[in-house]
Amino acid sequence: MIDDVIDVVLETVGSIDPWLRTLLAFIAMALETSVLLGLLVPGDTVVIIAALAVEEWPWWLALIAATVLGAIAGESIGFAIGRWLGPRIDRWLARRWPAASKRWRRTERYLARRGGIAIFLSRFLPVAHSLVPLIVGASPMPYRRFLAWTLPACGLWATAYASAGWAAGGSYRELADELHGAGYVLVAVIVAFVLAVWGVKQLVSRLEARHMREDDEEERSEEERSAQERSAQERSGEER
């Protein structure tokens, strides 16, 4: 049963012109890494599905290139929006959405502390890879430095996803005529990859949690200082 389902999926995806598959991967990644659209467009899923139909290494390389270019295009859009509208967005959030404004400030402090490392690691974290370019764009960091950190991260991410899909599809095609239930091999490869990605994300989150806690402590210190300054001003006013 599972072999029949996978045959249909591979046949459907394989019937799409390779150039079109590659273009769709580019578009999906550009949308996923654009501001907020990353919450709606599953670019990683599109890349894996497109890679399932890859049978020759040139198309594997083309898929990686398209995925990287799409990610860079989307992140560049977010960076440009942050550069042009960042202060307005910040003020709007402070007035209308205090919780989001607090998260914005927290991410600003995190980026200021970790710099390019934070940009690199955000590529492997959900939601963050869509928001970080926007916040970096609103910061003094030049685009050239932002690109220098996000490009290798996008390359690593694209290679991992394209390779996982290619390996899963290739394994199935090699075993389909010889092994009944070869579809389970494809599913196993995908599941193993998804679990590995989940593990990496958890590890990155734990490693970076210390810096986020430092941000929280810094924020509390700033709030305490502000409260003390207001209290001192009030006492000074009463004395006068």
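Here, every reference points to the structure presented above.
Since this is a predicted model, take the numbers as computed values, not measurements. (Residues numbered from 1 in each chain as written. Predicted model: local features only at pLDDT ≥ 70, side-chain atom pairs only at ≥ 80, totals over all residues. Heavy atoms only, no water.)

Chemist: Help me get a handle on the overall build of the protein, residues and values and all.
Modeler: When its secondary structure is counted, the protein shows nine helices and zero strands. Pairs at least 24 residues apart make up 77% of the contacts formed inside the protein by residues separated by at least 6 positions. For the protein, the accessible surface area stands at approximately 13900 Å², while carbon and sulfur atoms represent 63% of it. (Helix = DSSP H or I, 4+ residues; strand = E, 2+ residues; numbered from the N terminus. Contact = heavy atoms within 4.5 Å. Areas by Shrake-Rupley, 256 points an atom, 1.4 Å probe, with all protein chains shown as cover.)

Chemist: Quick rundown of a nonpolar patch on the surface? Include the residues and the values.
Modeler: Taken together, the side chains of Leu20, Leu23, Leu24, Ile27 and Leu31 make up a nonpolar region of the molecular surface, amounting to roughly 390 Å² of accessible area. By the element assignment, Ile27 lies in helix 2 (residues 18-32). (Patch = residues over 30% accessible without salt bridge, like charges linked within 9 Å, V, L, I, M, F, W, Y side chains within 5 Å. Salt bridge = Lys/Arg side-chain N within 4 Å of Asp/Glu carboxyl O.)

Chemist: Break down the packing of aromatic side chains for me, citing the residues and quoting the values.
Modeler: Inspection of the entire model under this criterion finds seven aromatic pairs. Seen from their ring centres, Trp19 and Trp59 are 4.9 Å apart, and the 80° between their planes marks the pair as edge-to-face. Pair noted here: Trp19 is in helix 2 and Trp59 is in helix 4 (residues 57-96), with a separation of 40 residues, a long-range link. Judged by relative accessible area, Trp59 falls into the partly exposed class, the value being 23%. Taking 5.2 Å as the distance between ring centres and 65° as the angle between the ring planes, the aromatic pair formed by Phe79 and Tyr143 counts as edge-to-face. Here Phe79, found in helix 4, pairs with Tyr143, found in helix 8 (residues 143-175); they are 64 residues apart in sequence, far enough to count as distant. What makes Tyr143 partly exposed here is its relative accessible area of 31%. Positioned over the ring face of Trp157 is Arg123, at 4.7 Å from the centre of the ring. (Phe/Tyr/Trp six-rings, centres within 6.5 Å; stacked < 30°, edge-to-face > 60°. Buried < 20%, exposed > 50% of the residue type's maximum accessible area, 1.4 Å probe, protein only. Lys NZ or Arg CZ within 6 Å of the ring centre and 35° of its normal.)

Chemist: Give a detailed account of the nonpolar core, specifying residues and quantitative values.
Modeler: In terms of nonpolar packing, the biggest core is built from 31 residues, with Leu63, Trp157, Tyr161 and Leu186 touching the most fellow members. Going through the elements one at a time, helix 1 (2-14), helix 2, helix 3 (43-52), helix 4, helix 8 and helix 9 (183-239) are the ones with two or more residues in this core. A per-element tally of this core places helix 8 first, with nine residues. Formed by 13 residues, the second largest nonpolar core is a distinct cluster that contains Phe79, Leu93, Ile119 and Val132. (Core = buried A, V, L, I, M, F, W, Y, C linked by side-chain atoms within 4.5 Å.)

Chemist: Give me the lowdown on the side chain of Arg123, citing residues and values where you can.
Modeler: Mapped onto the secondary structure, Arg123 falls in the loop between helix 6 (116-122) and helix 7 (128-137). Classification of Arg123 as buried rests on a relative accessible area of 2%. Within the structure, Arg123 has its side chain in polar contact with the side chain of Glu32 (distance 3.5 Å). Excluding anything up to four places from it in sequence, Arg123 contacts Met29, Glu32, Thr33, Ala71, Glu75, His129, Ala153, Cys154 and Trp157. (Polar contact = N/O pair within 3.5 Å; in protein donor to acceptor, adjacent residues only side chain to side chain.)

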